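# Observations on the three-dimensional arrangement
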Amino acid sequence: MSRGRPQAINALNREVRGWQADQELFDSLVIELAGVNRTDWRCLDILGTRGPMTAGQLAEAVRLTTGAVTGVLDRLETAGLVRRIRDTADRRRVIVEVTDKVDTLAAPVYGPLMADAAEAHAVFDADQLGLITRFIRIERELLAKHTRRLAEIDRTT
């Protein structure tokens, strides 16, 4: 006998929140091992998942000032984790991208996790994986929407 929809949604929400908390704990250890601060790591993560972008685009993505992102990029570039390259279409623009060093450093950290994930996810067929992917995409869209909503709250009142 299946549970009712409200109970199923509550169980799903608990699992998602637990997953977010577990991810935060994991990320904290990864950040510590990488020897960078949380802000630098978030910028590196955004560049790694979304691809090359300008410093301004990165600043908008992580909700920092362009000046703060310049400091982040200086540190990450000094560490050999990102590089700045001139945009071939507009030489005034600089594009930031992660270097291969990121993959080299990530392999011993994320490699075992990804191997275990591949094994654990083998129980799902392609259609089920598509449904899970759709769910995650919806969750991300909701988070982006409500991040924008919270950012617009007037904190002076």
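Owing to the predicted nature of the structure, the values given are computational and were not obtained by experimental measurement. Think of each chain on its own: its residues are numbered from 1, step by step along the sequence as written. Where totals are concerned, whole chains, interfaces and linings use all residues; where local detail is concerned, this predicted model gives features only for residues with pLDDT of at least 70, and gives and counts side-chain atom pairs only at 80 or more. Each side-chain value is worked out from all heavy atoms of the structure, with water and hydrogens disregarded.

## Focus: the overall build of the protein chain
Secondary structure elements follow DSSP: runs of H or I no shorter than four residues count as helices, runs of E no shorter than two count as strands, and numbering proceeds from the N terminus. Helices and strands together make up the secondary structure of the protein chain, namely 6 helices and 3 strands. Traced from its N-terminal end to its C-terminal end, the protein chain shows the element sequence α-α-β-α-α-β-β-α-α. Taken over the C-alpha trace, the protein chain has a radius of gyration of 19 Å; the compact-globule value for 157 residues is 15 Å, which it surpasses by more than 25%. Along the longest, intermediate and shortest principal axes, the C-alpha atoms of the protein chain span 65 × 50 × 35 Å. Considering the protein chain as a whole, with its 157 residues, one finds that 20% of them fall into the buried category. Residue contacts are defined here by distance: any two heavy atoms, one from each residue, within 4.5 Å place the two residues in contact. Pairs at least 24 residues apart make up 40% of the contacts formed inside the protein chain by residues separated by at least 6 positions. All accessible-area figures derive from a Shrake-Rupley calculation using a 1.4 Å probe, and residue coverage is judged against the displayed protein chains alone. As displayed, the protein chain offers around 11,800 Å² of accessible surface, 56% of which is attributable to carbon and sulfur atoms. Lys and Arg are tallied as positive, Asp and Glu as negative. Neither His nor the chain termini are counted. Charge positions come from single atoms, namely NZ of Lys, CZ of Arg, CG of Asp or CD of Glu. Taken together, the 23 basic and 23 acidic charged side chains of the protein chain have centroids lying 6 Å from each other. Computation of the radius of gyration draws on C-alpha atoms alone. For the globule rule, the value is 2.2 Å times the number of residues to the power 0.38. We call a residue buried when its accessible area falls under 20% of the maximum for its residue type, exposed when it is over 50%, and partly exposed in between, using a 1.4 Å probe and counting protein chains only.

## Some words on the side chain of D27
With respect to the helices and strands, D27 occurs in helix α1 (residues 5-34). Of the buried charged residues, D27 lacks a salt bridge, with R42 as the closest side chain of opposite charge at 4.1 Å. Among all residues touching D27, those that are not within four sequence positions of it are R42 and Y110. Whenever a carboxyl oxygen of Asp or Glu lies within 4 Å of a side-chain nitrogen of Lys or Arg, that contact is scored as a salt bridge.

## Topic: the pairing of strand β3 (residues 94-98)
Pairing of strand β1 (residues 53-54) with β3, which is carried by 2 bridges, proceeds in the antiparallel orientation. Its bridge partner lying in β3, M53 is registered against V96. In the sheet, strand β2 (residues 82-86) pairs with β3 via 5 bridges, with the strands oriented antiparallel. Bridging across to β3, R83 finds its partner in E97. Note on pairing: two strands pair once DSSP finds at least 2 bridges between them.

## Remarks on the environment of G111
In this fold, G111 is placed in helix α5 (residues 100-121). Here the alpha-carbon distance between G111 and I138, two residues 27 residues apart in the chain, equals 27 Å.

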